[in-house]
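Architecture and fold: a report
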Amino acid sequence: IAAGRCFAGNAALLGCCDLIVATRASNIGMGGPAMIEGGGLGRFAPEDIGPAAVQSANGVIDLLVDDEAAAVAATKRLLSLLTGRIVHGEAPEALRSVLPEQRTRSRDMRRVIEGLVDRGSAIELRAGFGLAVHTVLARLGGRPIGILASNPLHLGGAIDADAADKAARFMRLCDAHGLAMVSLIDTPGFMVGPETEARAQVRHVSRLFVTAAQLRVPFLALVLRKA
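Note that the structure is a prediction, hence the values are computed from the model and not measured.

1. Brief notes about the overall build of the protein chain
From N to C terminus, the protein chain includes 8 helices and 9 strands. The C-alpha atoms of the protein chain give a radius of gyration of 19 Å, which matches the 17 Å a tight globule of 227 residues would have. With respect to the principal axes defined by its C-alpha atoms, the protein chain has extents near 60 × 45 × 30 Å. Scored against the burial criterion, the 227 residues of the protein chain give a buried share of 44%. Summarising the internal contacts of the protein chain: among those between residues at least 6 apart in sequence, 67% fall at separations of at least 24. Counting 25 positive and 22 negative side-chain charges, the protein chain places the centres of these two groups 5 Å from one another.

2. Examining the environment of D67
When you line up the elements, D67 lands in the loop between strand 4 (63-65) and helix 4 (68-82). Using a relative accessible area of 38% as the deciding quantity, one classes D67 as partly exposed. Among the polar contacts listed, one links the side chain of D67 to the backbone nitrogen of A69, at a separation of 3.3 Å.

3. Points about the sheet that holds strand 9 (residues 219-223)
In spatial order, the strands read 5-6-7-8-9; together these 5 strands make up an open sheet with mixed pairing. Strands with a single pairing partner mark the edges of an open sheet, and in this sheet they are strand 5 (123-125) and strand 9. For this sheet the average axis-to-axis angle between neighbouring strands, irrespective of direction, equals 25°. Sheet analysis places strand 5 next to strand 6 (residues 133-140), joined by 3 bridges and oriented antiparallel. Paired with I123 across the bridge in strand 6 is L137. Against the sheet, helix 6 (residues 161-176) touches strand 5, strand 6, strand 7 (143-150), strand 8 (181-185) and strand 9, its axis set at about 25° to strand 6.

Rules of the game
- Residues numbered from 1 in each chain as written.
- Predicted model: local features only at pLDDT ≥ 70, side-chain atom pairs only at ≥ 80, totals over all residues.
- Heavy atoms only, no water.
- Helix = DSSP H or I, 4+ residues; strand = E, 2+ residues; numbered from the N terminus.
- Rg over C-alpha atoms; globule rule 2.2 N^0.38 Å.
- Buried < 20%, exposed > 50% of the residue type's maximum accessible area, 1.4 Å probe, protein only.
- Contact = heavy atoms within 4.5 Å.
- Lys, Arg positive; Asp, Glu negative; His and termini not counted.
- Charge placed at Lys NZ, Arg CZ, Asp CG, Glu CD.
- Polar contact = N/O pair within 3.5 Å; in protein donor to acceptor, adjacent residues only side chain to side chain.
- Pairing = 2+ DSSP bridges.
- Axes fitted to C-alpha atoms, helices over the stretch in contact; angles between N-to-C directions.

Shown next as structure tokens:
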């Protein structure tokens, strides 16, 4: 948990963690004001270095919460999912009304996830980063699982470099903790074009292929519209 200022060695330790929960008032950086000034890079206030809004948008923070009490509560929920312990909860609502009747219409994939998993069990990770995919820890029939879902409301669900990075890291997390995965698919494929290639698209999506090929946990793929 990052609450307040987390610089230098502390940030290095934080970055090695499987999951990072941070408060909105936190600042995270590999160097604090003294180190930056000592390197001749200028003078900055602590609040100017790696604010939570920036570190959430770039994928450093997995879960952004309001305050330290919320961070502790969220961490307890995350730990309960990562232990693999079965805790039976309330079944979700029927999925019948979640998917649009017309195939040309997009849907809010978060609603699909909520209709699939045990009620109130879903925790979305890195929600502000890699918007073309959702990565969610939840319970299904009481069993902890990882959900990787396309987001057709962003780029039509096309996978860009950030989304590929996000998906690969989530797969490694689920594999390390023995969580079976469900993939909800609605994507035209990988994002293309000169601007995308300038962001090392080939490197990012190839890492996604290699990571998926090395998975040891069960992986169920559901195509909701296009793949």
